[in-house]
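Here's the letter readout for the chains.
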Amino acid sequence: MAWFNETLFYHIYPIGAFDAPKRNEGEATKGSRILSLIDWIPHLQELGVGALYIGPIFESVSHGYDTNDYFTPDSRLGTKEDFQKVFRCLHDAGIRIVLDGVFNHVGRGFGPYQNVLEKRDASPSRWWFSGLNFGWGNPLGDPCTYNTWGGDWNLVKLELGNPEVRNYLLQAVGTWIDDYDIDGIRLDTADVLHPDFIRDLNHFTKSRKADFWLMGEFMNCANCQMMGPDLLDSITNYECWKGMYSSVNSKNFFEISYGINRQTNPQWGMYRGKYLYNFLDNHDQPRIASQVTDRRTLPALYTMLLTMPGIPSIYYGSEWGMEGRKGQGPEADYDLRRPMTVEAMEAGDQALMAKIAELAAFRKTSKALQYGSYTNVTERNEQLLYARECDGELVLVGFNISEQPFTFEGNTYGRNYRIELAPFESKVVRL
């Protein structure tokens, strides 16, 4: 058992949430915007949040994933002292802190890369960058090429097979633990990280904090080999992310029930005994309120998120039904990362927020929902009933996304049940 398997996560993309300028212009754009996060803490407590995953916070030029300095906070968000104040307040409120670790690539302003541009083959960091070649220039005017992430020349791929690079990044992580007392790291683009680096990171962080959490971003869920005692504790569950919204949109609960069973079946499930990071939306994907074809299904989706096997996470603002659609080009993600204020929170869908808070409170007291087995009890196109069981605690979760009332009735695990559901209602029942 571990804290990260038992808590509700909340995900904030700080550059967007706190209305920072899209481009870092140094003195012209600096500010202590992160301090406004302190005003969010009462809401996080009301919602039942136990851990905050906060997106990239270190110095960069644009979206935060083009890191220029792993040791200095982004000046658009605040100073080291500002972040220390905010993180102390979060810890005092019982909320753990997980930072975004962007270790596959850096921005072109990264110091060792600038040294390479200046000294070329004589640079001591010549071998820090994957595929670096001075045979020709790149489209941005640098006198070299290199491997990138996603074909973006602003994202210079690090050579994580180089022990010097790994040691440098571990040194940075050590300062994050020392200066900010963080509790975990979400590894950006973990699917392309060098396994030796992940092992080194695991051993280093858990030697500092035995319960330190490492979660990796994987777009493909067939990566159970990257989870284990010396690797990652969890990975993103993109399979069920798609399965959840697709099931309600197509009126086909068979899709998500198959997916969960495929992952968690106690005999042959590919992730049995492991806990994936579950979500309905994030800084890269459309807001769930914009993804569904019928907003009446939102309570059912959040019921599933907080009762299915794995670790649930809420993306900031979506607990009020905030909308956001993915666009095209360099600004494709802006609508997904809009600013959010306490005043806007109070104007949102309070019924949905209250439903999520109720579910979070139930999950906090239920080992069945945190660690229990998963069994499909009744599967229909518009109705689904599943059971979670742990050490004698049995929880049934029922869904009805039809226009008509529906009643589940029967016997499972030797216990009788009758669950009546109104149209578009979901219920969690402890037997």
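These notes cover the structure that comes with them. (Residues numbered from 1 in each chain as written. Predicted model: local features only at pLDDT ≥ 70, side-chain atom pairs only at ≥ 80, totals over all residues. Heavy atoms only, no water.)

Neither face of strand E9 (residues 184-187) is exposed, since Gly184 and Arg186 on one face and Ile185 and Leu187 on the opposite face are all buried. The sheet contact formed by strand E5 (residues 96-101) and E9 spans four bridges and is parallel. Bridging across to E9, Val98 finds its partner in Gly184. As paired strands, E9 and strand E10 (residues 213-216) are joined by four bridges and run parallel to one another. Its bridge partner being in E10, Arg186 is matched across the sheet by Met215. Running through helix H7 (residues 195-208), the crossover from E9 to the neighbouring parallel element E10 is right-handed. (Buried < 20%, exposed > 50% of the residue type's maximum accessible area, 1.4 Å probe, protein only. Helix = DSSP H or I, 4+ residues; strand = E, 2+ residues; numbered from the N terminus. Pairing = 2+ DSSP bridges. Right-handed = clockwise from strand over helix to strand, strands pointing away.)

Looking now at the pattern of salt bridges. Close approach of charged atoms allows side chains of opposite charge to pair. Under the defined criterion, the tally for this structure stands at 32 salt bridges. Residue Glu382 pairs with Lys251 through a salt bridge whose shortest N-O separation is 3.9 Å. A residue pair is termed long-range when its members are at least 10 positions apart, and Glu382 in the loop between strand E14 (373-379) and strand E15 (383-390) and Lys251 in the loop between helix H8 (238-249) and helix H9 (253-264) qualify at 131 residues. Its relative accessible area of 28% is what places Glu382 among the partly exposed residues. Between Arg295 and Glu323 there is a salt bridge; the shortest N-O distance is 3.2 Å. Placement of Arg295 in the loop between helix H10 (288-291) and helix H11 (298-307) and of Glu323 in the loop between strand E13 (311-315) and helix H12 (342-346) is noted, with a sequence separation of 28 residues between them. Residue class for Arg295 comes out partly exposed when judged on its relative accessible area of 36%. With a relative accessible area of 30%, Glu323 lands in the partly exposed category. Linked through salt bridges whose partners overlap, the residues forming this network are Arg96, Asp181, Asp183, Lys209 and Asp211. (Salt bridge = Lys/Arg side-chain N within 4 Å of Asp/Glu carboxyl O.)

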